[in-house]
Amino acid sequence: MNCTRIQHLPKDLQAGKSDVSLVFLSSDCVSFRFLFLAYICLLSAEFLNPAYQALPGFLASTKYKSSPTDPADTAVQMAFESKGKDLIGILMERPDSARGFGTLMSTWGEGHSLIQDLYPVNERLPKGFDDSRDSVMFVDVGGGYGQKAIALKRACPQLPGRFIVQDLPGTVANAPKVEGIEMMGHDFFTEQPIKGASPLSIDALLQLKTYTGARAYYIRQCLHNWPTEKCLTILKHIHDAMKPGYSKLFVHELIVAERGASIWSTTQDFNMMTLCATMERTEGQWREMLGQANLKVVGVYPSKDGESEGIIEAEKA
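## Description of the overall build of the chain
Helix and strand content of the chain: 13 helices and nine strands. The buried share of the chain, taken over its 317 residues, is 44%. Counting contacts in the chain only where the partners sit at least 6 residues apart, residues at least 24 apart contribute 64% of the total. Of the roughly 16700 Å² of accessible surface on the chain, 54% is carried by carbon and sulfur atoms.

Structure, rendered in structure tokens:
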């Protein structure tokens, strides 16, 4: 067993003395992973529990008029007396909680459906692909360390073109180097750099670049973190980069059933309200928001297990 990660645990946990240690450290990897997960869950619970406990009081303070929409004014701010600071700002003041929360989020979607599980990637994306110099097949917007792009590249190695993962510079700087995956620092509230441009521009005339935009822009579990106004800013930048009739946008998010929603999706809806003043959305709500960004939904691919995130395929309207 590789025990490198044990060095990063508190000394009492390394020795198996902590209350959270329900299993003994041994050569059994399953036992270690359980211990590590338990430690991460403990750190997260110490942060999340006060936020959830504050939710009834927060809603009462608003007289239950409407769901919160300000990420700096919801239950988590009441819990930690931090009005005016968003979730990230509050976490940054609590390094242990931030580490636990970050690890929990990085593994949150493990085992959930991937785009290649739901959408016929091999059959559709290569058709009509512009395979000229530097053409981009796939842009993972807000893609963290690139786990989903890496999985797609490995599952569909025959897909042509470049694969690019975008996230904030501090995130991509720590991402592993993987052959065939390019990491790019980018804030999705700013102009999308992988875009089409006028064929009459100087660079185009000198043939310094190709200007087709990406074949596929992909964004997973980012939009649910933000209220509609912020989402529209993100979507507008992607829309403006897309080439009509060529580029596709894939939104990979929970699609909450209009009736009989699963326990998982409704719990997540409460999570988003508590922590970010936002929500999980139904298909109708996704269609409405994408329409406001001048994007047309051309396909919806629900998760096969009824709980994982589904895929919404959109094009420029």
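## Concerning the nonpolar core
Counting 27 residues, the largest nonpolar core has Y217 and L249 as its most contacted members. Mapped onto this core, the elements with two or more residues apiece are β1 (136–141), β4 (216–220), α11 (228–241), β5 (248–253), α13 (283–292), β8 (295–301) and β9 (310–316). With five residues, α11 is the single largest residue contributor to this core. Listed in part, the 22 residues of the second largest apolar core include M137, F138, C156 and V165.

## Describing helix α8 (residues 147–155)
Buried within α8 we find K148, A149, I150 and L152. Looking at the buried residues of α8, the elements they touch are α6 (115–118), α7 (121–124), β1, β2 (162–167), β3 (181–185) and β4.

## With respect to the sheet that holds β4
Spatially, the seven strands line up as an open sheet ordered β3-β2-β1-β4-β5-β9-β8, and their pairing is mixed. Whereas interior strands pair on both sides, the edge strands pair on one side only; in this sheet they are β3 and β8. Put simply, the sheet's adjacent strands are angled 25° from each other on average, direction ignored. As defined by bridge partners, β8 adjoins β9 across six bridges and the pair is classed as antiparallel. By the bridge assignment, V297 is partnered in β9 with A314.

## Digging into unusual backbone geometry
Its identity is not glycine, yet K63 carries a phi of approximately 60°, on the positive side. Accessibility expressed as a relative area gives 61% for K63, which makes it exposed. One non-glycine residue, Y64, lies in the positive phi region at around 55°. Mapped onto the fold, Y64 is located in the loop between α2 (29–61) and α3 (75–80). You can call Y64 exposed: its relative accessible area is 60%.

Cut-offs used in this document
- Residues numbered from 1 in each chain as written.
- Predicted model: local features only at pLDDT ≥ 70, side-chain atom pairs only at ≥ 80, totals over all residues.
- Heavy atoms only, no water.
- Helix = DSSP H or I, 4+ residues; strand = E, 2+ residues; numbered from the N terminus.
- Buried < 20%, exposed > 50% of the residue type's maximum accessible area, 1.4 Å probe, protein only.
- Contact = heavy atoms within 4.5 Å.
- Areas by Shrake-Rupley, 256 points an atom, 1.4 Å probe, with all protein chains shown as cover.
- Core = buried A, V, L, I, M, F, W, Y, C linked by side-chain atoms within 4.5 Å.
- Pairing = 2+ DSSP bridges.
- Axes fitted to C-alpha atoms, helices over the stretch in contact; angles between N-to-C directions.

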